[in-house]
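Residue-level structural notes
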Amino acid sequence: MIIAGIVAGGTGSRMGNGDLPKQFMELGGKPVFIYTAEKFIKQSDFIIIGMNKEWLKTAEFLVQKFLPESKNIFVTEGGSDRNGTVKNIIAFAREKLKCRHDDIILTHDGARPFVDERMISESISAIEKCDICTVAVPATDTIVVSADGEFAEDFPDRSKMFLVQTPQTFRTGDFDEIYHSLSEKEKKTATDVCRLFMAKGKKVMLIKGSAENIKITYAQDYKMARFMAEK
């Protein structure tokens, strides 16, 4: 079984768009999270969207409105953070879809709408030879390390630096084992699934990403996304 887990539980506070979360903003005539989820229909058996509980009913209504013929798309309540939302998505898959230990899940940002079929298919194929993989692109700007945000401490070699995108792909059983073995401090330190896996000594394989695979975080990102969708 291949599951697409769309992580869309955020409130979009950095967008500066009032009370409307960014994943509900319109893109190409539909909400951003719908635009994103559609990219996984061809290559996944099920799509599960992890959504902020205050927006669950709205999300379910919009799935029915824009994807009325799809019987394999579900909405469930997200968690308090990204990894918590992933945990809830997998728990839903176990309970409702009878997901097994070795089933594959691609976790993807609900506000990253321009993922393409090549990234998805390469991520699925990579799991045959690794524990976890993530889409990433080489850093093009100089990277600076600063603990206090005021003074530079180090300028690491840019040729070794990559910017992590999504999807991040792994087997559901591996996530369960690793997540429940970590302390609360380790869970808070690890901001995404790759860090969880690395905390237990797992190697993360990189899949070639794209500059177009942007995440809508700020208002300028949304302007760019609208331009790309119109093209």
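See the structure printed just above.
Residues numbered from 1 in each chain as written. Predicted model: local features only at pLDDT ≥ 70, side-chain atom pairs only at ≥ 80, totals over all residues. Heavy atoms only, no water.

**Quick word on the overall build of the chain**
Summing up its helical and strand segments, the chain has 8 helices and 9 strands in all. Its C-alpha atoms give the chain principal-axis dimensions of about 55 × 40 × 35 Å. A buried classification covers 49% of the 231 residues belonging to the chain. Partitioning the intrachain contacts of the chain with sequence separation of at least 6 by distance along the chain shows that 74% fall at a separation of at least 24. For the chain, the accessible surface area stands at approximately 12400 Å², while carbon and sulfur atoms represent 50% of it. (Helix = DSSP H or I, 4+ residues; strand = E, 2+ residues; numbered from the N terminus. Buried < 20%, exposed > 50% of the residue type's maximum accessible area, 1.4 Å probe, protein only. Contact = heavy atoms within 4.5 Å. Areas by Shrake-Rupley, 256 points an atom, 1.4 Å probe, with all protein chains shown as cover.)

**Regarding the side chain of R112**
Along the chain, R112 falls in the loop between β6 (104-109) and α4 (117-126). A relative accessible area of 8% means that R112 is categorised as buried. Within the structure, the side chain of R112 is placed 2.8 Å from the backbone oxygen of N213, a separation counted as a polar contact. Here R112 is in contact with T36, V164, Q165, T166, N213, I214 and K215, once residues within four sequence places are set aside. (Polar contact = N/O pair within 3.5 Å; in protein donor to acceptor, adjacent residues only side chain to side chain.)

**Re the sheet that holds strand β9 (residues 204-208)**
One key point about sheets: their strands pair by backbone hydrogen bonds, in either a parallel or an antiparallel sense. Strand order in the open sheet made by the 7 strands is β5-β4-β1-β6-β8-β7-β9, with mixed pairing throughout. Pairing within the sheet leaves two strands with one partner each, and these edge strands are β5 (73-77) and β9. Taking each pair of neighbouring strands and ignoring which way they run, the sheet shows an average axis angle of 30°. With 5 bridges connecting them, strand β4 (residues 46-51) and β5 associate as parallel partners. From the neighbouring strand, I48 faces β5, where its bridge partner is F74. Packed onto the sheet, helix α5 (residues 172-181) meets β6 and β8 (162-171) and runs at close to 105° relative to β8. (Pairing = 2+ DSSP bridges. Axes fitted to C-alpha atoms, helices over the stretch in contact; angles between N-to-C directions.)

**Observations concerning the side chain of T169**
Structurally, T169 is set in strand β8. Beyond its immediate stretch of four places on either side in the chain, T169 contacts I104, I105, L106, S123, I127, D131, I132 and C133.

**A word on the pairing of β8**
Within β8, 7 of the 10 residues are buried, leaving the element largely enclosed by the surrounding structure. Here β6 pairs with β8 via 4 bridges, running antiparallel. Each bridged residue has a counterpart across the sheet, and for T107 the counterpart in β8 is Q168. Inspection of the sheet shows strand β7 (residues 132-138) paired to β8 by 6 bridges, in the antiparallel sense. If you follow C133 over to β8, its bridge partner there is T169.

**Points about the environment of M205**
Here M205 is to be found in strand β9. Of the residues examined, M205 reaches a relative accessible area of 28% and is grouped as partly exposed. Sequence separation of M205 and C194 is 11 residues, and the distance between their C-alpha atoms is 9.6 Å. Excluding residues that lie within four positions of it along the chain, M205 makes contacts with A126, K129, C130, I132, C133 and T134.

**Description of the pairing of β4**
Summarising burial for β4: 6 of the 6 residues are buried, a large majority. Neither face of β4 is left uncovered, since the one carrying F46, I48 and G50 and the one carrying I47, I49 and M51 both have all their residues buried. Examined bridge by bridge, strand β1 (residues 2-8) and β4 share 6 bridges and lie parallel to one another. Across the sheet, the residue bridging to A8 is M51, located in β4. As a crossover connection, the stretch from β4 through helix α2 (residues 56-66) into β5 is right-handed. (Right-handed = clockwise from strand over helix to strand, strands pointing away.)

**Things to note about a negative patch on the surface**
Together, D148, E150, E153 and D154 make up a region of like negative charge exposed at the surface. Following the sequence through the fold, E150 ends up in the loop between β7 and β8. (Patch = residues over 30% accessible without salt bridge, like charges linked within 9 Å, V, L, I, M, F, W, Y side chains within 5 Å. Salt bridge = Lys/Arg side-chain N within 4 Å of Asp/Glu carboxyl O. Lys, Arg positive; Asp, Glu negative; His and termini not counted. Charge placed at Lys NZ, Arg CZ, Asp CG, Glu CD.)

Bear in mind that shape data such as this cannot, by itself, settle questions of function.
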